[in-house]
Amino acid sequence: MQTTDAATTETPESSINWAPDAPRGGRTVLNRILKENAAVPLFFAQTLISSLRDVGYNHTTSALCEHVDNAIEAGATEIRIFYRQSGKKGDYQVDAAVYDNGRGMDPNVLKVATSFGGSLTYNNRSGIGRFGMGMKTAALSMSPVMELYSWQEPGNIYSMILDVEAIGKDRSNAVNLPDPTLNTELRAELAELFTRPLGWPTDHKEQDLFATDAGDLAERLGSHGTIVYMPACDRLSSRKARTLGEHTISEMARIYRRAISGGLHLYVNNRRVEAFDPTYSMASARHTKALTNGMPTTSRLVLSRPIDIPVSENDTTRVSQIVAKVFALPIEEWSNLDRKTQKNDLRIFDGLTVSILRNDREVFAGPLPRLTTQHSVTNWYRVQIDFSGLLDEAFGVASNKQGVRMKDYVLDKIRAAIGSDITKLNDEIKRFHAEKASRIQPAKATASEQRANEVDQLHAKPLSTELTSEEQQQLDANLRGLAVTLKRDEETDEQAFERVKNSTYLIDFKHDEYWPFYHVDHKFGRIILTINTAHAFFDKLYNPLKELARKPAEEALEEGQAFDTKHVNEGPLVALELLLLSLARAQGVLGIRSDEAKRVFDQLRREWSETYRIQLTG
Ligand SMILES: Nc1ncnc2c1ncn2[C@@H]1O[C@H](COP(=O)(O)OP(=O)(O)OP(=O)(O)O)[C@@H](O)[C@H]1O
Ligand SMILES: [Mg+2]
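What counts, and at which threshold
- The residue numbering used here restarts from 1 in each chain and proceeds along that chain's sequence as written.
- Chains carry letters from A onward and ligands carry numbers from 1 onward, assigned in written order.
- In keeping with the predicted nature of the model, local features appear solely for residues at pLDDT of at least 70, side-chain atom pairs appear and are counted solely at 80 or more, and the whole-chain, interface and lining totals rest on all residues.
- The helix and strand labels rest on DSSP assignments: H or I over at least four residues marks a helix, E over at least two residues marks a strand, and numbering proceeds from the N terminus.
- Exposed residues have 12 or fewer other C-beta atoms within 10 Å of their own C-beta, buried residues have 20 or more, and partly exposed residues fall in between, where C-beta atoms are placed from the backbone.
- The contact rule is simple: place each C-beta atom from the backbone, and if two of them lie within 7 Å, those residues are in contact.
- Paired strands, in this sense, are two strands between which DSSP finds at least two bridges.
- Buried Ala, Val, Leu, Ile, Met, Phe, Trp, Tyr and Cys residues form a nonpolar core when they are connected through C-beta atoms within 7 Å.
- Here, nearness is defined through the C-beta atom: a residue counts as near a molecule or strand if that backbone-placed atom lies within 6 Å of it.
- Residues are grouped as follows: Ala, Val, Leu, Ile, Met, Phe, Trp, Tyr, Cys and Pro are nonpolar; Asp, Glu, Lys and Arg are charged; all remaining types, including Gly, are polar.
- Domain borders in the structure are assigned automatically or taken from a domain database.
- Axis lines are fitted to C-alpha atoms, over the contacting stretch for helices. Their N-to-C directions set the angle, which ranges from 0 to 180 degrees.
- Between the first and last residue of a helix there are one fewer steps than residues, each counted as 1.5 Å, and that sum is the expected span.
- What the arc describes is the spread of directions from the helix axis to the C-beta atoms.
- The predictor attaches a confidence to each residue, called pLDDT, with possible values from 0 through 100.

A count of helical and extended segments in the protein chain gives 22 helices and 16 strands. Considering only C-alpha atoms, the protein chain reaches an extent of 115 × 65 × 50 Å along its principal axes. The buried share among the 618 residues of the protein chain stands at 34%. The contacts in the protein chain between residues at least 6 apart in sequence include a share of 63% that link residues at least 24 apart.

Okay, here's the thing in structure tokens:
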């Protein structure tokens, strides 16, 4: 035994300041080591296992993903997740399990797999697992006990248990795992999970049970498979099976979309999970079912670009290729869908602009404003980035594989490769939005045009003089010409003519970067106000007011009521349009009398517009 100066100094037990509920066995071991100057294990199993319960998973779903990852890696074609809720209201208990029909583990592998760091794929970057931690930390993050069952022959089910409390009581300096136990069948509590409908989904017809009875169960379990069981979960995102189940379904549908579309049968509480593709490029994904015939069902691939990324910032000679793809949603068609389909079925506005996949498994989905900027246009395209495990450090993948923390040099490379295409796309969509917002109901004057028409007689100065019938005839021809230029989408020539003829005030839209924010024409007894959708005025004031006006109607829609124009509160928008229409009228009235006034107004308009633009955006 080595003796050192430090070791000869005895440490009094009173210097151990552990909490009363700290693992008792661990305390005994520590005490003994301090007293006897014994060999110190690199890991104190009694305390470490308890601390590992706190490896942060941000949601129960992401913890369960560790088991699904392992199952996929073991070649499973069927994976089932169970959340069983029991007990009374206010005191629900939940136990959870993950079953898979993958290759299973032989007893020796099973034992190794139960230990921390025990992995058969350690640091292998081609698959999903590489840390030798996932299964254990994930299970213990939910429950203080993990039961593991695996078999490679029918009826020979080996099991291991990892029990935080039991290990905490262990008084040996180095805790070893026992040999696996051999069972011929699953214990009753577990067997029940596979053969009886769960509380949720409440409609049991929605549950596609694994097996009908014990006999059937043995057969269905077949010759290989694995079950991770977490009895008595005490740390879950929710205590309700429904809340947990719904979250898991919606997340896993996306995270494992490639595996699912490749044939994996994934179930949550006996309900089959269909792939959801946030890029809308998969023809088999769930969103396609919400679209009726005629609607395009997939997005359009704008670009697909391989990019070489150095494995480490300091060594640019070793690179690994990623693939960045950009998909544009069919905005022309999908922007006309009702809000419910857009939101609930397609989930267009969930903010999942960027999806990042590591070895075909999604590790991030969400906004990435450093790449795409943050603007509502990002709802209308998607960026998908595929990388291999070789770039884990570059992408900042932590051992719990939730999310990425991309290094700056990686993002810089991606931006250099696709940034200008994204900017172009942003602009295209902005333009589309502007044009769409400017399309108004066909064949009808807007509320502000109507209002201006109604009160036109009340103004002290008339707008135009009476016309002779000859002039009137000529006017019709002129108005027809004007109507062609002011024709709205979905309006016939005749409807446009009628509208222009019957309204003194006309609002039109134009998209021109170099134009002032508004323009006024006084022609054929008409005041024509043109709003420029390319000016910041449109983006910052006009359009937000318009959206605000529509909001109550959209909220009503979300609550299940029909879209009704009576919910549209156009007050502020109408007032703003009248502000401009009155300005237009005043300029018209004064301009008719003096060319000098006309010139001054024009100068003022340009100067004002530029000043305003700088104030809004400069
Ligand atoms: N469902 C399963 N089927 C077959 N083998 C499994 C299964 N789950 C785990 N294993 C085995 O157990 C080992 C440990 O799994 P664990 O998830 O703890 O670590 P890992 O997958 O190797 O790495 P990571 O920490 O990255 O998940 C795996 O390497 C694998 O060999
Ligand atoms: Mg794993």
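Structure's up, so let's keep going.
With that settled, the discussion passes to the pairing of strand 16 (residues 526–532). A large share of strand 16 lies buried, amounting to 7 of its 7 residues. Here strand 14 (residues 505–510) pairs with strand 16 via 6 bridges, running parallel. In the strand pairing of strand 16, Ile507 is matched with Leu529. The pairing of strand 15 (residues 518–523) with strand 16 spans 6 bridges and is classified as antiparallel. The residue of strand 16 that forms the bridge with Tyr518 is Ile531. Remark: 2 residues form the turn of the hairpin made by strand 15 and strand 16, two consecutive strands paired antiparallel; Phe524 in that turn has positive phi of roughly 50°.

Let us now look at the nonpolar core. Counting 66 residues, the largest nonpolar core has Val68, Ala97, Val98, Val228 and Met230 as its most contacted members. Not counting the four nearest positions on each side in its chain, Val98 is found in contact with Leu64, His67, Val68, Ala71, Ile79, Ile81 and Val228. Tyr280, Trp380, Val383 and Ile418 belong to the second largest nonpolar core, which has 36 residues in total.

Within the structure, ligand 1 sits among 24 residues, and Asn70, Ala113, Ser119, Gly129 and Gly134 are positioned closest to it. Here the shell around ligand 1 is built from residues that sort into 8 nonpolar, 11 polar and 5 charged.

Further remarks concern the domain arrangement of the protein chain. Looking at the protein chain, the domain boundaries give domain 1 (5–40), domain 2 (55–272), domain 3 (286–436) and domain 4 (440–617). On a C-alpha basis, the centroid separation for the pair domain 2 and domain 4 is 64 Å.

Turning to its location among the elements, Ala536 is positioned in helix 20 (residues 536–558). Its 18 C-beta neighbours within 10 Å are what place Ala536 among the partly exposed residues. Here the alpha-carbon distance between Ala536 and Asn70, two residues 466 residues apart in the chain, equals 52 Å. Apart from the residues lying within four places of it in its own chain, the contact partners of Ala536 are Arg613, Leu616 and Thr617.

It is worth spelling out the sheet that holds strand 3 (residues 145–151) at this point. Reading across from one edge, 5-4-3-6-2-1-7-8 is the order of the 8 strands in this open sheet, with mixed pairing throughout. A single partner strand is all that each edge strand has here, and the edge strands are strand 5 (181–183) and strand 8 (271–272). When strand 4 (residues 157–163) meets strand 5, the two strands line up antiparallel, connected through 3 bridges. Bridged to Ser159 within strand 5 is Thr181. Across the sheet, helix 6 (residues 134–142) is in contact with strand 2 (93–100), strand 3, strand 4 and strand 6 (225–233); its angle to strand 6 comes to roughly 30°.

If you trace the 3 strands from one edge of the open sheet to the other, you get 14-16-15, paired in mixed fashion. Where the open sheet ends on each side, the last strands, each with one partner, are strand 14 and strand 15. On average, adjacent strands in this sheet sit at an angle of 20° to one another, irrespective of strand direction.

Time to look at helix 18 (residues 469–486). In a regular helix each residue adds 1.5 Å, so 18 residues correspond to 26 Å; helix 18 covers 24 Å between its end C-alpha atoms and thus fits that length. When we look at burial in helix 18, the residues that qualify are Leu479, Leu482, Ala483 and Leu486. Along the axis of helix 18, the buried positions cluster into a sector of 100°, meaning they face one direction only. Every exposed residue of helix 18 that faces more than 90 degrees away from the buried side is listed here: Glu470, Gln473, Ala477 and Val484. Packed against the buried residues of helix 18 are helix 19 (493–502), strand 14 and strand 15.

Regarding helix 8 (residues 188–195), the residues found buried are Leu190, Leu193 and Phe194. The buried residues of helix 8 all sit within an arc of 90° when viewed along its axis, so they share a single face. In this fold, the buried residues of helix 8 make contact with strand 1 (78–86), strand 2, helix 9 (214–221) and strand 6.

Quick look at the environment of Ile356 now. Among the structural elements, Ile356 can be located in strand 11 (residues 354–358). Sequence separation between Ile356 and Gln472 is 116 residues; the distance between their C-alpha atoms is 65 Å.

Here the protein chain averages 88 in pLDDT, while 93% of its residues score no lower than 70. Scored below 50 in pLDDT, residues 1–8 shows 2 contacts in the model against residues more than four places distant or in partner chains.

Within the element layout of this structure, Gln495 appears in helix 19. With 51 residues separating them in the primary sequence, Gln495 and Lys444 have C-alpha atoms 8.5 Å apart.

Let us look at the pairing of strand 1. For strand 1, the tally of buried residues reaches 7 of 9 residues, placing the bulk of the element in the interior. Sheet analysis places strand 1 next to strand 7 (residues 265–268), joined by 4 bridges and oriented parallel. When the bridges of strand 7 are listed, Glu78 appears paired with His265. Sheet analysis places strand 1 next to strand 2, joined by 8 bridges and oriented antiparallel. Bridging across to strand 2, Ile79 finds its partner in Asp100. Connecting strand 1 to the antiparallel partner strand 2 that follows it, the hairpin turn spans 6 residues, and Gly87 within it adopts a positive phi of roughly 90°.

Glancing now at unusual backbone geometry. Of note, the amide linkage connecting Trp200 to Pro201 takes the cis form, showing an omega dihedral of 0°. Note on placement: Pro201 falls in the loop between helix 8 and helix 9. The residue Asn269 is not glycine, and still its phi comes out positive at about 45°. Topologically, Asn269 is positioned in the loop between strand 7 and strand 8. Exposure remark for Asn269: the 25 C-beta atoms within 10 Å place this residue in the buried category. Positioned with a positive phi, Asn359 is a non-glycine residue whose angle comes to about 45°.

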